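Listed below are the residues making up each chain.
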Amino acid sequence: MRSPALIEYGQLGAALRGSRPVAAVRHPGFEPGEALPGALDALVTAHVAAVRAVAGQERPVLLGRSAGGWVAHAVAERLAADGSAPAALVLVDTYPHDADGAGQSLSAMTSDMLRRVARSSSAVPHRLTAMAGYFELFADRKPARLAAPTLYLRARDPLPGAEPTPPRSLTHTEDIEVTVPGDHFTVLEEHARTTARAVHDWLADL
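Throughout this document, residue positions are counted from 1 along each chain, in the order its sequence is written. Side-chain atom pairs in this predicted model are given and counted only at pLDDT of 80 or more, local residue features only at pLDDT of at least 70, and totals for whole chains, interfaces and linings cover all residues. With hydrogens and water set aside, each side-chain value is computed from the structure's full complement of heavy atoms.

A. Quick look at the sheet that holds strand E3 (residues 150-155). On the basis of which strands lie adjacent, the open sheet formed by four strands has the order E1-E2-E3-E4 and parallel pairing. Both outer strands of the open sheet, strand E1 (61-65) and strand E4 (176-180), are each paired with one neighbouring strand and no more. With strand direction ignored, the average angle separating the axes of adjacent strands in the sheet is 15°. Contacts were defined at the residue level, with two residues in contact if any of their heavy atoms lie within 4.5 Å. Where helices are involved, their axes are fitted lines through C-alpha atoms of the stretch in contact, as for all axes, and angles between N-to-C directions lie from 0 to 180°. Every helix listed is a DSSP run of H or I at least four residues long, and every strand listed is a run of E at least two residues long, numbered separately from the N terminus. Across the sheet, helix H3 (residues 67-81) is in contact with E1 and strand E2 (88-92); its angle to E1 comes to roughly 155°. Pairing between strands is defined by DSSP: at least two bridges between the two strands are required.

B. Highlighting the packing of aromatic side chains. The aromatic pairing rule takes the rings of Phe, Tyr and Trp, using the six-membered ring of Trp, and pairs them if the centres are within 6.5 Å, calling planes under 30 degrees apart stacked, those over 60 edge-to-face and the rest tilted. Within this structure, the stated rule accounts for three aromatic pairs. Judged by centre distance (5.1 Å) and plane angle (65°), the rings of tryptophan 70 and phenylalanine 135 are edge-to-face. In this pair, tryptophan 70 sits in helix H3 while phenylalanine 135 sits in helix H5 (residues 125-137), placing the two residues 65 residues apart along the sequence. The class for tryptophan 70 is buried, based on a relative accessible area of 3%. A ring pair is formed by tryptophan 70 and phenylalanine 138, whose centres lie 5.6 Å apart and whose planes are at 50°; its orientation type is tilted. One end of the pair, tryptophan 70, is in helix H3; the other, phenylalanine 138, is in the loop between H5 and E3, and 68 residues separate them in sequence. Each member of the pair tryptophan 70 and phenylalanine 138 is classed as buried. By the ring-pair criterion, three or more aromatic residues cluster together here, those being Trp70, Phe135 and Phe138. Whether a residue is buried, partly exposed or exposed follows from its accessible area with a 1.4 Å probe, protein chains only, as a fraction of its type maximum: under 20%, in between, or over 50%, in that order.

C. Local environment of the nonpolar core. By nonpolar core is meant a set of buried Ala, Val, Leu, Ile, Met, Phe, Trp, Tyr and Cys residues that side-chain atoms within 4.5 Å join together. Counting residues in hydrophobic clusters, the biggest one holds 26 residues, and the most contacted among them are Leu43, Leu62, Val75, Tyr134 and Phe138. The set of elements that each furnish at least two residues to this core consists of helix H2 (40-55), H3, E2 and H5. Counting residues per element, this core draws most heavily on H3, which supplies eight residues. Sequence-distant contacts of leucine 43, defined by excluding residues within four places in its chain, comprise Pro28, Pro37, Val71, Tyr134, Leu137 and Phe138. Core analysis: the next-biggest nonpolar cluster, separate from the first, contains 17 residues, Tyr9, Val92, Val199 and Trp202 among them.

D. Looking closely at the packing of H2 against H3. One way to put it is that H2 packs onto H3 with a least axis distance of 9 Å and a crossing angle of 75°. Between H2 and H3, the angle falls in the class roughly perpendicular. Residues Asp41, Leu43, Val44, Thr45, His47, Val48, Val51 and Arg52 of H2 touch H3, and the partners they reach there are Val71, Ala74, Val75, Arg78 and Leu79. Residues are grouped as follows: Ala, Val, Leu, Ile, Met, Phe, Trp, Tyr, Cys and Pro are nonpolar; Asp, Glu, Lys and Arg are charged; every other residue, Gly included, is polar. Here the residues of the contact of H2 with H3 are counted per class, giving eight nonpolar, two polar and three charged. In these notes the angle categories are as follows: under 35 degrees is roughly parallel, over 145 is roughly antiparallel, 65 to 115 is roughly perpendicular, and the rest is oblique.

E. Layout of helix H6 (residues 192-205). The span you would expect from a helix comes to 1.5 Å times its residue count less one. Counted at 1.5 Å a residue, the expected span for H6 with its 14 residues is 20 Å, and the 20 Å between its end C-alpha atoms agrees. All buried positions along H6 are accounted for by Ala192, Thr195, Ala196, Ala198, Val199, His200, Trp202 and Leu203.

What follows is the structure, encoded as structure tokens:
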């Protein structure tokens, strides 16, 4: 069985092949019968270890879509606190942590994923349960500002029943927000190549 992380980021990784090395870190709890992390600290600790194992002595660029952006931000914070800050952070259509924004995005994503379940066996209901568990893990988290430059990629097309992700506060001169073709899901699917190009071009300018 292919990991959901490999499926979700597979087309983006393929689009970056030959330009930049790419590795996917799997979020636990998305396989049938697999337990969710018991606490946010445990999740971040496991991801930090995985990132270090892949990156070695290199400073990684962390990327996450949706709530995966929350995970990437938390990992970036931990790496920075440990004296090994990442080179950059990329957040792909990541909603803010506030309850209204998170609740709206969860509702819209759930509706869209249910439509996908009806069309394809690749989207399965236990992933919806895992998504809700991750929202709970991050419910009270207040993200800190990062020293690492950050790219915010906003999906051009909102999901039915949801507003676009709100504008981000850019805290560093290297930070930038770019709108890319596609919706919350298709930015990493049929529009993966344009998303990859936006990431590659921004990193090349740092």
